[in-house]
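Here is what each chain is made of, one letter per residue.
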Amino acid sequence: SSKTFWTTTGMFPQELIIGFPKCVKINKVSIQCYLVRTLRIERSTSKDPVGFEQCVEKDLQHREGQLQMEEFTLPEFQATYLRFIIKSAFDHFVSVHRVMAEGT
């Protein structure tokens, strides 16, 4: 729902893990967030959310009063879990409004 979001508790780093019902192939990840400064995306192909490997890390641009919309086109990889680590922020609290993973 566009009316719901996940928010941090005020200290960094913060992480959000998304799990898929089975291992999937992913080639693009998009995120809508607010006040995120540095974001890292990691993947795991394990049955449990362990053994993560880094996919990408990026410093995002601050957009005063607007959601940040970032798209990461990556070489196709497999994942059972995606972990989003918010390493730093432009304020004490940030929010994640939407995460999309595209692939097969």
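The name an unreviewed UniProt entry gives the protein chain is IFT25 protein, with Emberiza fucata as the organism.

A. Geometry of the overall build of the protein chain. If you tally the helices and strands in the protein chain, you get zero helices and six strands. When the helices and strands of the protein chain are read in sequence order from the N terminus, they spell out β-β-β-β-β-β. By the compact-globule yardstick of 13 Å for 104 residues, the protein chain fits well, its C-alpha radius of gyration being 13 Å. With the C-alpha coordinates aligned to their principal axes, the bounding extent of the protein chain is approximately 35 × 25 × 25 Å. A burial count over the protein chain gives 38% of its 104 residues as buried. The long-range share in the protein chain, meaning contacts at least 24 apart out of those at least 6 apart in sequence, stands at 78%. Just so you have it, the protein chain exposes about 6400 Å², and 49% of that area is on carbon and sulfur atoms. Across the protein chain, the centroid of the 13 positively charged side chains sits 4 Å from that of the 12 negatively charged ones.

Cut-off values and rules
Residues numbered from 1 in each chain as written. Predicted model: local features only at pLDDT ≥ 70, side-chain atom pairs only at ≥ 80, totals over all residues. Heavy atoms only, no water. Helix = DSSP H or I, 4+ residues; strand = E, 2+ residues; numbered from the N terminus. Rg over C-alpha atoms; globule rule 2.2 N^0.38 Å. Buried < 20%, exposed > 50% of the residue type's maximum accessible area, 1.4 Å probe, protein only. Contact = heavy atoms within 4.5 Å. Areas by Shrake-Rupley, 256 points an atom, 1.4 Å probe, with all protein chains shown as cover. Lys, Arg positive; Asp, Glu negative; His and termini not counted. Charge placed at Lys NZ, Arg CZ, Asp CG, Glu CD.

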